[in-house]
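Here is how the chains run, residue by residue.
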Amino acid sequence: MSVLNKIPITLKIYYTHSSHTNGWPLCRVLWDNKQVANFKADGQEIEFTVLPKSQGTSTLIVEHYGKNVYTEHDKFIEIIGMRINNIALKNILWESTQYPITAPWDESWQEEGNLYLGHNGHIVWKFKNPILLDIQKRLKVRTDMQEGQESTKKVLNEIKEYFANEKDR
Amino acid sequence: MIDLLLINVPRISLVYPPAGTSLLKGVVEQQGFTCNVKDANFELLDSIKDSDDFETITNYFTIPNAEMTTHCQNIIDDWYVNLVNYILQVNPKHVGISVFTFECQVATRELCKLLRKVYNGKIIIGGAGLSTTGIATQINDFGNNLLESKQVDYYVRGEGEHALIDILKENTGDGINNDNYVQITDLDSLAYPNYDDVIKYKYHYTIDNIQLPITTSRGCVRRCSFCDIHAFWKKYTFRSGENVAKEMISHYEKYKVRDFFFTDSLINGNLKSFRQLTECLISYYQENNLPDKFFSWGGQWIVRTEKQLSPADYINAAKSGMNGLAMGVESLSEQIRIDMKKGFTNQDLDYTLEQFRLHGINCYFLMIVGYPTEQEEHHLETMQMFTKYQGYAIDGTIFGVNLGGTLSIDEGSPLHKDSIHFGLEPTSENEELFGLDWTSKENPKLTLLQRINRRLDLQELLMDLGYRVYNGDHQLKRLKASYERIKQNTYHFKDILHS
């Protein structure tokens, strides 16, 4: 797996947003708790590149902030798509949790698969590393092989070991 | 008494009905003769449930001097006896044995020997396996050998459709007991295959449904330097799209089959015919209130430019049900593909993959590692491009990669014919240039060991990147076996003959 954590991946998030009333919605994106984007949501997409980890979990957070809940009722952003290395995340987009920021006197709550950020708050997506193989699995792309057609690391390593000891005649 | 009994013998694939014998049945019946097909290959190999026995028995048919157990020998002996008894019981005027590849030679030879003793009808053999080293070789070693030893009455070279009729009518003709076969140019005039005799078999379909083979063309529009196809199919001949669509519809109406695999070297060789096929299928769906993609069909595909195949063509192809395409990409180094005369650029490949992704068409890469001009930088370029294309493997647009067993020099290919020009020579003197055993004077660092190591590196990378690498275990074991034979100086053309 050594190769997988040396190749940067490009994330593209597609969104819609409220119109310009008292300014555009403000957003920032965090990858593994580091800010990778901070922008006015006045377009349709935001793109950035990150270096994935080889193991463990990676977290993507999209945060909506700076909304005055008393005066800016209509301000929102909504995530409508996401691509990693141009791979559409399809069902994975909905495998997320939203954490709105609520007033201290209101009960806090969270919601699965809600991509509409009307409150200040954030949406979290979690990925296992290597991330692309996790995406492949979650997209349910078939990786099994018909009997007799397999390629296994076991045989590959055996053959590599054999040829490692060979020299040109 | 029937006129002709056609038999498939081991070892051929079990994944769908063999195309040739059922096609010949259709053609023969069109001319008023009676014909049955028996897939004896399937009957034997499907009955073997133990994987060790399966390997032993398939090795017996395909590898010279393979180890054999008493138990497996008994299974094979019983199969021969039962097959001969079946033929005697049916008692056809002619028995035709399909020698689909040289891997069918062992079974054919033994069956002919046994039949000759007890069967009074005529024995015919035909197929690409009459030659041992690829379809293009001019050495018709197997056919001549069996004819000279009087084990058969006729061998058929080239296409069998006209030759079989000639045998049934007059016992002589082009390509019958001679190598002067004439290629059929009007494929639309041939009857559709008749799968009545084999549709009952439970083939090991790669999908959950019955899948039938369809042949829409013969030959190829490109002239890749490593390929021997032009030595056999001099011209590229093709059926009209309408004719192909009608055949698919006829199989659906007769057998309720909706999945088809095209056996052609390429399904988009003639673009007019290709477009006609997609349009005819879409019209059929619309006229019969059937959804898009009602049929599923795929085969081998060549990369085309945007000018040749527009986005609208891909939309129609996807609507008509095209999917599961095998592409001879061979190398992801543009320079190597230029050397191979593959005829497409990286830009063309990028465009094709993006169209596939947009329209939900998946594909499979066929690769060749170790082309004679391949330098380390080209190998690294291929690795980098596979990394660039990883996303297509992750989302399933590229559903598999077959890395093959490194470049083999096949007789009949431009590389073989012009080997001096290409600077290719056998690794030791007095040997024929053949298979994996070659070196390049122009690229001396590209030794067999180097080619194998690149093949191994590439598989490791692809597996790490999430590509499905097909058939790697088998290919690597064979590669090691071939390497050992080359080292022991037993890897020669004459050694792979079964005679």
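Residues numbered from 1 in each chain as written. Chains lettered and ligands numbered in written order. Predicted model: local features only at pLDDT ≥ 70, side-chain atom pairs only at ≥ 80, totals over all residues. Heavy atoms only, no water.

Visitor: Looking at this structure, I do not really get the overall build of chain B. What am I missing?
Guide: A count of helical and extended segments in chain B gives 20 helices and 16 strands. The globule rule puts the C-alpha radius of gyration for 499 residues at 23 Å, and the 23 Å found for chain B is close to it. In terms of principal-axis extent, the alpha carbons of chain B reach across some 65 × 60 × 45 Å. Within the span of chain B, comprising 499 residues, buried residues form 58% of the whole. Contacts spanning at least 24 positions in sequence make up 76% of the contacts within chain B whose residues lie at least 6 apart. For chain B, the accessible area works out to roughly 20,300 Å², and carbon and sulfur atoms hold 48% of it. Positive and negative side-chain charges in chain B, numbering 49 and 65 respectively, have mean positions lying 3 Å apart. (Helix = DSSP H or I, 4+ residues; strand = E, 2+ residues; numbered from the N terminus. Rg over C-alpha atoms; globule rule 2.2 N^0.38 Å. Buried < 20%, exposed > 50% of the residue type's maximum accessible area, 1.4 Å probe, protein only. Contact = heavy atoms within 4.5 Å. Areas by Shrake-Rupley, 256 points an atom, 1.4 Å probe, with all protein chains shown as cover. Lys, Arg positive; Asp, Glu negative; His and termini not counted. Charge placed at Lys NZ, Arg CZ, Asp CG, Glu CD.)

Visitor: Sorry, what's going on with the environment of B:Gly298 here?
Guide: Residues and elements named next belong to chain B. Structurally, the position occupied by glycine 298 is in strand S10 (residues 296-298). Take glycine 298: its relative accessible area is 4%, and that puts it in the buried class. Placed 37 residues apart in sequence, glycine 298 and phenylalanine 261 show a C-alpha to C-alpha distance of 5.3 Å. Once residues lying within four places of it in the same chain are set aside, the contact partners of glycine 298 are Phe260, Phe261, Phe262, Ile267, Asn323, Gly324 and Leu325.

Visitor: Whenever I open this one, helix H4 (residues 70-90) of chain B confuses me. Can you help?
Guide: One turn of the α-helix equals 3.6 residues, which is why residues spaced by three or four share an orientation. Residue and element names in this part refer to chain B. Compared with an ideal rise of 1.5 Å per residue, which puts 21 residues at 30 Å, H4 spans 30 Å between its outermost C-alpha atoms and is within 8% of the ideal. When H4 is considered as a whole, its buried residues turn out to be Cys72, Ile76, Trp79, Tyr80, Leu83, Val84 and Ile87. Here the buried residues of H4 occupy an arc of 125° about the axis, which is enough to place them on one side. Those residues of H4 that are exposed and angled more than 90 degrees off the buried face are Thr70, Asn82 and Gln89. (Expected span 1.5 Å × (residues − 1). Arc of directions from axis to C-beta.)

Visitor: Please explain empty space enclosed by the protein as it appears in this structure.
Guide: In this approach, a probe sized like a water molecule rolls over the atoms, and the result shows the empty space that is left. Residue and element names in this part refer to chain B. Tallied over the entire structure, the rule returns five cavities of 30 Å³ or more. Around the largest cavity sit 15 residues that line it, and Leu23, Thr215, Arg218, Arg239 and Glu247 are the ones nearest its centre. When residues of the lining of the largest cavity are traced back to their parent elements, those giving at least two are helix H1 (19-30), strand S6 (211-214) and helix H9 (241-255). Split into classes, the residues belonging to the lining of the largest cavity amount to 10 nonpolar, two polar and three charged. Lining the second largest cavity are 16 residues, with Thr216, Arg239, Ile267, Ser273 and Phe274 sitting closest to its centre. Broken down by secondary-structure element, the contributors of at least two residues to the lining of the second largest cavity are H9 and helix H10 (271-287). Residue contributions to the lining of the second largest cavity peak at three residues, all from H10. Here the lining of the second largest cavity is composed, by residue class, of eight nonpolar, six polar and two charged. (1 Å grid on protein atoms, 1.4 Å probe; cavity = no way out; pocket = protein on both sides within 12 Å on 5 of 7 lines; lining within 4 Å. Points joined across faces, edges and corners; volume = space filled by probe spheres on them. Nonpolar A, V, L, I, M, F, W, Y, C, P; charged D, E, K, R; others polar.)

Visitor: What's the story with the sheet that holds strand S2 (residues 35-39) of chain B in this structure? I'm lost.
Guide: Strand pairing in a sheet takes place through backbone hydrogen bonds and is either antiparallel or parallel in direction. Residues and elements named next belong to chain B. One open sheet holds the five strands; their spatial order is S2-S1-S3-S4-S5, and the pairing between them is parallel. Since the sheet does not close on itself, it has two edges, and those belong to S2 and strand S5 (154-156), each with one partner. Neighbouring strand axes in the sheet, compared pairwise and without regard to direction, differ in orientation by 20° on average. Running over the sheet, H1 touches strand S1 (4-8), S2 and strand S3 (94-98) and is turned about 175° from S2. Helix-sheet contacts for helix H6 (residues 141-148) involve strand S4 (122-126) and S5, and the interaxial angle to S5 is about 170°. (Pairing = 2+ DSSP bridges. Axes fitted to C-alpha atoms, helices over the stretch in contact; angles between N-to-C directions.)

Visitor: Where do I start with the pairing of S1(B) in this structure?
Guide: Residues in a regular strand project their side chains so that they alternate between the two faces of the sheet. Residue and element names in this part refer to chain B. For S1, the buried fraction is high: five of the five residues fall into the buried class. By the alternation rule, side chains of S1 split into Leu4, Leu6 and Asn8 and Leu5 and Ile7, which are all buried. Sheet topology note: the S1/S2 ladder contains five bridges and is parallel. Each bridged residue has a counterpart across the sheet, and for isoleucine 7 the counterpart in S2 is lysine 38. As a crossover connection, the stretch from S1 through H1 into S2 is right-handed. (Right-handed = clockwise from strand over helix to strand, strands pointing away.)

Visitor: Whenever I open this one, the interface of chain B and chain A confuses me. Can you help?
Guide: Where interface size is given, it is often the accessible area lost as the parts come together that is meant. Tallying the contact residues gives 40 residues for chain B and 35 residues for chain A. In total, chain B and chain A occlude about 3,400 Å² of area from one another, counting both sides; carbon and sulfur atoms represent 57% of this. Across the contact surface, chain B and chain A share 15 residue pairs in polar contact (both at pLDDT 80 or more). Within the residue set of the side of chain B that touches chain A, elements represented by two or more residues are helix H13 (346-359), helix H15 (390-394), helix H18 (448-465) and helix H19 (472-487) of chain B. (Buried area = accessible area lost by both parts, 1.4 Å probe. Polar contact = N/O pair within 3.5 Å; in protein donor to acceptor, adjacent residues only side chain to side chain.)

Visitor: Can you walk me through the pairing of strand S11 (residues 121-128) of chain A in this structure?
Guide: All names here are of chain A. Bridge count for strand S5 (residues 57-65) against S11 is eight bridges, and the pairing is antiparallel. What sits directly across from threonine 59, in S11, is lysine 126. As paired strands, strand S8 (residues 96-100) and S11 are joined by five bridges and run antiparallel to one another. Opposite threonine 97, over in S11, you have valine 124 as the bridge partner.

Visitor: How should I be thinking about H6(B) in this particular structure?
Guide: Residues and elements named next belong to chain B. For H6, the full list of buried residues reads Asp141, Phe142, Gly143 and Leu146. Where H6 is buried, its residues touch helix H5 (105-118), S4 and S5. A positive phi of about 60° marks lysine 150, the residue just after H6.

Visitor: Where do I start with a nonpolar patch on the surface in this structure?
Guide: The grouping of A:Val69, A:Tyr70 and A:Trp105 at the surface amounts to a nonpolar patch, some 420 Å² of accessible area in total. Among the structural elements, A:Val69 can be located in the loop between S5 and strand S6 (77-84). (Patch = residues over 30% accessible without salt bridge, like charges linked within 9 Å, V, L, I, M, F, W, Y side chains within 5 Å. Salt bridge = Lys/Arg side-chain N within 4 Å of Asp/Glu carboxyl O.)

Visitor: I keep staring at the environment of A:His119 and nothing clicks. Help me out?
Guide: All names here are of chain A. Counting through the fold element by element, histidine 119 comes out in the loop between strand S10 (116-117) and S11. Through-space distance from the C-alpha of histidine 119 to that of isoleucine 77 is 9.2 Å; in sequence the pair is 42 residues apart. For histidine 119, the residues in contact, after removing those within four places along its chain, are His64, Pro100, Ile101 and Trp109.

Visitor: Even after reading the chapter, I still don't get the packing of H10(B) against helix H11 (residues 311-320) of chain B, so can you show me in this structure?
Guide: A pair of packed helices is characterised by two quantities: the angle between their axes and the separation of those axes. Residue and element names in this part refer to chain B. Packing of H10 against H11 leaves a shortest axis separation of 9 Å and a crossing angle of 50°. Here H10 lies oblique to H11, going by the angle between them. Remark: the crossing between H10 and H11 carries left-handed chirality. Residues Phe274, Arg275, Thr278, Glu279, Leu281, Ile282 and Tyr285 of H10 lie in contact with H11, whose contacting residues are Asp313, Asn316, Ala317, Lys319 and Ser320. Of the residues that constitute the contact of H10 with H11, the class distribution is five nonpolar, three polar and four charged. (Parallel < 35°, antiparallel > 145°, perpendicular 65-115°, else oblique. Left-handed = near helix turned anticlockwise from the far one by under 90°.)

On their own, these measurements won't tell you what the molecule is for.
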